[in-house]
Amino acid sequence: MEAFDLSGQVSVVTGGNRGIGLGIARGLARAGAQVAIWSRAANRNQAAVAEIEDVGGPALAVSCDVTDEASVTDAMEETLAAFGHVDSLFANAGTSGVAKFPSDFDLDEWHRVVDVNLTGVFLTTRAAADHLIERGQGGSIVLTGSVVARMSLGLAPHYTASKGAVLSLGRALANRLGRHGIRVNVLSPGWVETEMAEGVISDERSAGFFMARTPLRRWGTAEDFEGPAVFLASSASQFMTGAELVVDGGISSA
Ligand code: NDP
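All residue numbers refer to positions counted from 1 along the written sequence of the respective chain. Local features in this predicted model are restricted to residues of pLDDT 70 or higher, and side-chain atom pairs are both shown and tallied only at a pLDDT of 80 or more, whereas totals for entire chains, interfaces and linings draw on every residue. Side-chain descriptors were evaluated using all non-hydrogen atoms of the structure, hydrogens and water having been removed beforehand.

Draft legend 1. Geometry of the pattern of salt bridges. Here, a salt bridge means any Lys or Arg side-chain nitrogen found within 4 Å of an Asp or Glu carboxyl oxygen. On inspection of all chains with the given rule, the structure shows eleven salt bridges. A salt bridge links Glu223 to Arg26; the shortest N-O distance between them is 2.7 Å. Here Glu223, found in the loop between α7 (204-212) and α8 (226-233), pairs with Arg26, found in helix α1 (residues 19-30); they are 197 residues apart in sequence, far enough to count as distant. Relative accessible area decides the class of each residue, using a 1.4 Å probe on protein chains only: under 20% of the type maximum gives buried, over 50% gives exposed, and in between gives partly exposed. Of the residues examined, Glu223 reaches a relative accessible area of 45% and is grouped as partly exposed. When its relative accessible area of 8% is taken as the criterion, Arg26 is described as buried. By definition, any uninterrupted DSSP run of H or I lasting at least four residues is a helix, any uninterrupted run of E lasting at least two residues is a strand, and each is numbered from the N terminus.

Okay, here's the thing in structure tokens:
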């Protein structure tokens, strides 16, 4: 199991203070990585660090808004000052949006979602790639996509479009960064019990619709992302790039 060992490695997880990001961070810490979480809410960041340190080594909370270029630059500087280097980035921070179209759908609402889910991924991957190229030891970048990149499921158009773009961005970056030994893959969840999915899961009608289409007949949990995260960060996936790893209880194949 040495291939899965992340001892001595440093990982950044954006949106790591709750939900899927916290699951990813816990998995990486359990495998031996030092983890920096980049999110906005300071109290949640601190609580998450305590949780991560319970299962692993030192962790770091960095206050970061992924839509803000200067904030991302500062976050990378703070992480490098604390840990010295970065080996992997999980660009996971995301937000959802209203489903009504075209009513309720102005340009601000479009930008609110696209700025976090796509521009935020671009800004954080660019910061990580700069560092990884300069360091010259390769690395792993993982973008959190969604099964809705390939199937709309009636979700909001801007959310769906942003996740489709993340899938394409992952492939494009894999192509550009492979020569530096940097792998880029997309981790695509199905329905996972987090704050983001709460509205759908707590609504009997929508929950019934999605559950009936999920072969494993349960919602995903943050824990379901611990193993896949370790796999994608570690040398266990060393010949894998430009790929999508779908973790969805089977809904996209049903
Ligand atoms: P949550 O709403 O539970 O968590 C979102 C995380 O993103 C929080 O840590 C939040 O922290 C952070 N975040 C949001 N906006 C910003 C920002 N501007 N800058 C920095 N951090 C930000 O969502 P999930 O855990 O469910 O989702 C994580 C990822 O998984 C997202 O990309 C989502 O689209 C994707 N996904 C989720 C699915 C699900 O069913 N839950 C299904 C498919 C994909 P803070 O607010 O403190 O900044």
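So that's the structure; there's more coming.
Draft legend 2. Fine view of the packing of aromatic side chains. Planes of paired rings set the category: under 30 degrees apart is stacked, over 60 is edge-to-face and the rest tilted, where pairs are Phe, Tyr or Trp rings (Trp by its six-membered ring) whose centres lie within 6.5 Å. In the structure shown here, the tally under the stated rule is three aromatic pairs. Arranged with centres 4.5 Å apart and planes meeting at 45 degrees, the rings of Trp191 and Phe210 form a pair that is tilted. Linking Trp191 in the loop between β6 (182-189) and α6 (198-202) with Phe210 in helix α7, this pair joins segments that are 19 residues apart in sequence. Residues Trp191 and Phe210 agree in their burial class; the two are buried. Aromatic side chains Phe209 and Phe210 sit 5.0 Å apart centroid to centroid with 85 degrees between the ring planes, which places their arrangement in the edge-to-face category. Since its relative accessible area comes to 36%, Phe209 is described here as partly exposed. In textbook terms, an aromatic cluster arises when at least three aromatic residues are bridged by ring pairs, as seen for Trp191, Phe209 and Phe210.

Draft legend 3. Here's a closer look at the sheet that holds strand β5 (residues 139-144). Reading across the sheet, the seven strands line up as β3-β2-β1-β4-β5-β6-β7 and stay open at both edges, with parallel pairing between neighbours. Each edge of the open sheet is held by one strand with a lone partner, namely β3 (59-63) and β7 (244-247). Across this sheet, the average inter-strand angle for adjacent strands is 20 degrees, counted without regard to direction. Both strand β4 (residues 88-91) and β5 contribute to a ladder of four bridges, which runs parallel. If you follow Leu89 over to β5, its bridge partner there is Ile141. Those strands touched by helix α2 (residues 42-55) are β2 (34-39) and β3, and its axis lies near 165 degrees from that of β3. Following DSSP output, two strands are said to pair if at least two bridges run between them. Fitting a line to C-alpha atoms yields each axis, with helices limited to the stretch in contact; the angle taken between N-to-C directions then spans 0 to 180 degrees. Contacts between residues were defined by any pair of non-hydrogen atoms, one from each residue, lying within 4.5 Å.

Draft legend 4. Fine view of the side chain of Thr144. With respect to the helices, strands and loops of the structure, Thr144 is situated in strand β5. If we ignore the near neighbours within four places in the chain, the residues touching Thr144 are Ile24, Ala91, Asn92, Lys163, Val166, Leu187 and Pro189.

Draft legend 5. Layout of helix α4 (residues 107-135). By this rule the span expected of a helix is its residue count minus one, scaled by 1.5 Å. For α4, which comprises 29 residues, the first-to-last C-alpha distance of 40 Å matches the rise-based estimate of 42 Å (1.5 Å per residue) to within 8%. To obtain the bend at a residue, axes are fitted to the seven residues ending there and to the seven starting there, and the angle between these axes is taken. The axis of α4 is deflected most strongly, by about 45 degrees, at Asp115. Downstream of α4 by a residue or two, Gly136 has a phi angle that is positive, lying close to 75 degrees.

Draft legend 6. The arrangement of the site of the ligand in detail. Taken together, 28 residues lie near the ligand, and Asn17, Arg40, Tyr159, Val192 and Thr194 sit nearest. Any pair of N or O atoms that falls within 3.5 Å is considered a polar contact. Within protein, one atom must be able to donate a hydrogen and the other to accept it, and sequence-neighbouring residues count only if both atoms are side-chain atoms. Within the side chain of Asp65, a nitrogen or oxygen atom sits 3.0 Å from a nitrogen atom of the ligand. Gly190 places a polar main-chain atom, nitrogen or oxygen, 3.3 Å from an oxygen atom of the ligand. Only the protein chains shown count as covering a residue, and every accessible area follows the Shrake-Rupley method with a 1.4 Å probe. In isolation the ligand exposes 890 Å². Once the protein is present, 95% of that is buried. Sorting the residues of the shell around the ligand by element identifies α1 and α5 (157-177) as the ones contributing at least two each. Amino acids outside the nonpolar list (Ala, Val, Leu, Ile, Met, Phe, Trp, Tyr, Cys, Pro) and the charged list (Asp, Glu, Lys, Arg) are all regarded as polar, and Gly is one of them. Classifying every residue of the shell around the ligand by side-chain character gives twelve nonpolar, eleven polar and five charged. By convention in these notes, a residue is near a molecule or strand provided one of its non-hydrogen atoms lies within 4 Å of it.

Draft legend 7. Quick look at a negative patch on the surface. Think of a patch as exposed residues, more than 30% relative accessible area, with no salt bridge, where like charges cluster within 9 Å and nonpolar side chains (Val, Leu, Ile, Met, Phe, Trp, Tyr) cluster within 5 Å. We count Lys and Arg on the positive side and Asp and Glu on the negative side, and we leave His and both chain ends out. A single reference atom marks each charge: NZ on Lys, CZ on Arg, CG on Asp, CD on Glu. Side chains of Asp68, Asp74, Glu77 and Glu78 sit close together on the surface and give a patch of like negative charge. Looking at the element boundaries, Asp68 is found in the loop between β3 and α3 (69-83). Here Asp68 falls in the partly exposed class, since its relative accessible area comes to 35%.

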